[in-house]
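Residues per chain are reported as follows:
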Amino acid sequence: MTMSLRESPGLLLVVFLMLLCLWPGFGDVFLNPNGYLFANSGDGLKNYFNFGYYLKYDTGFKFSAINYPYGDHLLFTDTHPLLAYLLNLVDDHLFELAPNSAGIINLAILLGVVAGALVLYLILRHYSLPVWYSVIIAVCVTLLSPQWDRIHGHLSLSYVFIIPLFWYLVIRYEQGRSRILYWCLLFFYTLIVGGIHIYYVAICAAFMLAYVFVNLVRNKDRRSVYLTLSLSVILPLALYQTITIATDFIPDRPDSPYGFYTYYATLASVFLPHISSSADVVNHILQPNLSWEGRAFVGTPALIFIIGLIVFYAQRLRQKVVGAQVEIPTSLSAIFWASGIVLLFSMCIPFKWGLQFLTELIPPLKQFRALGRFSWIFFYVVNVSAAWTFFHLFNQLRKSAPGWYSVV
């Protein structure tokens, strides 16, 4: 389904509901964005300061406010590098922006949340779900996004729209219309979001490469198409690596930063609740490993979907699947399994299973020392997959005896 005027009512409803949900907590921020900070200490306060300081005092790739007297490279300061660089040009040559730097970040984050809901709505509509249902699911998934966790610290990782919009561009590419255009959009989009935070380049690349792998296994006849598609993320990744090497003025930056084998997701951090009365009970009984960097609870409906999926495949192996079955569209199925591959990577699998030599063979991997962040991809995909399955399963169950479903 392409974007058209008939989607406008649904999109407007998503915006209205998102603003309605956000207003009690963030209404004052919308009215006076420069009057509030989402963090008053730690990384969050540092990132507000870095952004404002760079706009007022620095230019180019050098950020002078830390590591005195040497400074540091802008890309490594969590300062919205591309946004800071562009707004710095405005601040230096047109009109002053530095005094409003906090408001710029606050509005960008909140509008990014609304944009995330809009893109999720378009994804759900692409998979032929009705308007009312797509609106509800898009708003709910957005409000439950694990990226909300970052609003008090890693501000530039709080942009909810980035992963869904990348997914939507892949969908448009796969529709087969203007593939050259959407390849270019994927390339420039990956490049641009990497300028907000370098992790976004790696997240987009991991998502795409896993998706390409799944499709190469399923459809070898289109090998050239998918290998070409993979270049849309490999080239931005290589370009950032080249830019960093060419412009980095820190001679002793560590090649093996701490964290790759520490800050990863776990089954508990993805499939168990973190903050609720039930979470208190679960945590007390199981005492799971809930690394903050790996927190990406998929939500109860998605958890039920996963449990059902496991049971279904166990039953199918025993050839005892009966009753109603729902076949997820092939394109959504490919995205789902790709997100599962990335989820394993976010859990440091297989590296933590005695295969540490792999990161020695590919040293750039260790630069992404917080693998848990890659689990965000699975959060969005599994919730869309669950929403699609539950809707169609319910429709079938209304017409037939209770049964089970299948994912192909």
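Residues numbered from 1 in each chain as written. Predicted model: local features only at pLDDT ≥ 70, side-chain atom pairs only at ≥ 80, totals over all residues. Heavy atoms only, no water.

### A word on the overall build of the chain
Reasoning step 1: If you tally the helices and strands in the chain, you get 15 helices and 2 strands.
Reasoning step 2: Taking the contacts inside the chain whose residues are at least 6 apart along the sequence as the reference set, 78% of them involve residues at least 24 apart. (Helix = DSSP H or I, 4+ residues; strand = E, 2+ residues; numbered from the N terminus. Contact = heavy atoms within 4.5 Å.)

### Considerations on helix α7 (residues 179-194)
Reasoning step 1: Its 16 residues place the ends of α7 22 Å apart at the C-alpha level, agreeing with the 22 Å of an ideal helix rising 1.5 Å per residue.
Reasoning step 2: Those residues of α7 that fall on the buried side of the exposure criterion are Tyr182, Trp183, Leu186, Phe187, Tyr189, Thr190, Leu191, Val193 and Gly194.
Reasoning step 3: Packing partners of the buried residues in α7 comprise α6 (162-174), α8 (198-218) and α9 (223-247). (Expected span 1.5 Å × (residues − 1). Buried < 20%, exposed > 50% of the residue type's maximum accessible area, 1.4 Å probe, protein only.)

### Here we look at the packing of α6 against α8
Reasoning step 1: Contact geometry of α6 with α8 gives a least axis separation of 11 Å together with a crossing angle of 35 degrees. α6 and α8 meet at a crossing whose hand is right-handed. Within the contact between the two elements, α6 uses Ile162, Ile163, Phe166, Trp167, Val170 and Glu174 and α8 uses Tyr200, Ile203, Cys204, Phe207, Met208, Tyr211 and Asn215.
Reasoning step 2: Classifying every residue of the contact of α6 with α8 by side-chain character gives 11 nonpolar, 1 polar and 1 charged. (Axes fitted to C-alpha atoms, helices over the stretch in contact; angles between N-to-C directions. Left-handed = near helix turned anticlockwise from the far one by under 90°. Nonpolar A, V, L, I, M, F, W, Y, C, P; charged D, E, K, R; others polar.)

### With respect to the packing of aromatic side chains
Reasoning step 1: For the coordinates displayed, the defined rule picks out 22 aromatic pairs.
Reasoning step 2: Ring plane angle 85 degrees and centroid distance 6.5 Å describe the contact between Phe305 and Phe390, whose orientation is recorded as edge-to-face. One end of the pair, Phe305, is in helix α12 (residues 300-317); the other, Phe390, is in helix α15 (residues 376-399), and 85 residues separate them in sequence.
Reasoning step 3: Plain terms: the ring middles of Phe336 and Phe378 are 6.3 Å apart, the flat faces sit at 45 degrees to each other, and that makes the pair tilted. Highlighted residues: Phe336 in helix α13 (residues 330-346) and Phe378 in helix α15, separated in sequence by 42 residues. Each member of the pair, Phe336 as well as Phe378, carries the same accessibility label: buried.
Reasoning step 4: Within the aromatic cluster, the residues linked to one another by ring pairs are Phe271, Phe305, Phe336, Trp337, Phe378 and Phe390.
Reasoning step 5: Here the guanidinium or amino end of Lys56 rests over the ring plane of Tyr57, the centre of that ring lying 5.7 Å away.
Reasoning step 6: The ring of Tyr199 carries the charged tip of Arg373 above its face, separated from the ring centre by 4.4 Å. (Phe/Tyr/Trp six-rings, centres within 6.5 Å; stacked < 30°, edge-to-face > 60°. Lys NZ or Arg CZ within 6 Å of the ring centre and 35° of its normal.)

### Let's talk about a nonpolar patch on the surface
Reasoning step 1: Among the surface-exposed residues, Leu209, Leu231, Ile234 and Leu235 lie close enough to one another that they form a single nonpolar patch of about 300 Å² accessible area.
Reasoning step 2: Considering each element in turn, the nonpolar patch owes the most residues, 3 residues, to α9.
Reasoning step 3: Mapped onto the elements of the fold, Leu209 is located in helix α8. (Patch = residues over 30% accessible without salt bridge, like charges linked within 9 Å, V, L, I, M, F, W, Y side chains within 5 Å. Areas by Shrake-Rupley, 256 points an atom, 1.4 Å probe, with all protein chains shown as cover. Salt bridge = Lys/Arg side-chain N within 4 Å of Asp/Glu carboxyl O.)

### Here we look at the confidence of the model for the chain
Reasoning step 1: Within the chain, residue pLDDT values average 86, and 90% of them lie at 70 or more.
Reasoning step 2: Taking the mean pLDDT of every element in the chain, the minimum, 57, falls on helix α11 (residues 277-286) and the maximum, 96, on helix α5 (residues 131-143).
Reasoning step 3: Low pLDDT (under 50) marks residues 402-408, which in the prediction has 39 contacts with non-local residues, meaning those over four places away or in another chain. (pLDDT = per-residue confidence, 0-100.)

### A few points about the environment of Gly116
Reasoning step 1: Turning to its location among the elements, Gly116 is positioned in helix α4 (residues 101-126).
Reasoning step 2: For Gly116, a relative accessible area of 0% translates into the label buried.
Reasoning step 3: Sequence-wise, Gly116 and Ile163 are 47 residues apart; in three dimensions their C-alpha atoms are separated by 8.4 Å.
Reasoning step 4: Not counting residues within four places of it along the chain, the set of residues in contact with Gly116 comprises Thr142, Val160 and Phe161.

### A word on helix α3 (residues 81-93)
Reasoning step 1: For α3, with 13 residues, the first-to-last C-alpha span of 18 Å sits near the 18 Å given by 1.5 Å per residue.
Reasoning step 2: Among the residues of α3, those classed as buried are Pro81, Ala84, Leu87, Asn88 and Asp91. Angularly, the buried residues of α3 cover 130 degrees about the axis, an arc narrow enough to put them on a single face.
Reasoning step 3: Turning to α3, the residues buried within the fold contact α2 (42-57) and α4. (Arc of directions from axis to C-beta.)

### Some remarks on the side chain of Thr79
Reasoning step 1: Along the chain, Thr79 turns up in the loop between β2 (72-73) and α3.
Reasoning step 2: Of note is the side chain of Thr79, whose polar atom sits 2.5 Å from the side chain of Thr77.
Reasoning step 3: Other than its neighbours up to four places away in sequence, Thr79 contacts Asn50, Phe51, Tyr54, Leu74 and Ala84. (Polar contact = N/O pair within 3.5 Å; in protein donor to acceptor, adjacent residues only side chain to side chain.)

### Looking at the packing of α7 against α9
Reasoning step 1: Their axes nearest at 9 Å, the elements α7 and α9 cross at an angle of 25 degrees. The angle between α7 and α9 places the two elements in the roughly parallel class. In the packing of α7 onto α9, the handedness of the crossing is right-handed. Of the residues in α9, those in contact with Arg179, Trp183, Leu186, Phe187, Thr190, Leu191 and Gly194 of α7 are Val225, Thr228, Leu229, Leu231, Ser232, Val233, Leu235, Pro236, Leu239 and Tyr240. (Parallel < 35°, antiparallel > 145°, perpendicular 65-115°, else oblique.)

### A short note on the environment of Asp78
Reasoning step 1: As for its placement among the helices and strands, Asp78 is situated in the loop between β2 and α3.
Reasoning step 2: Once the C-alpha coordinates of Asp78 and Ile196 are considered, the two residues, 118 residues apart in sequence, prove to be 8.2 Å apart.
Reasoning step 3: Apart from residues no more than four positions distant in its own chain, Asp78 is found in contact with Lys46, Asn47, His154, Ser156 and His197.
Reasoning step 4: Looking at Asp78, its side chain comes within polar contact range of the side chain of Ser156, at 2.4 Å.

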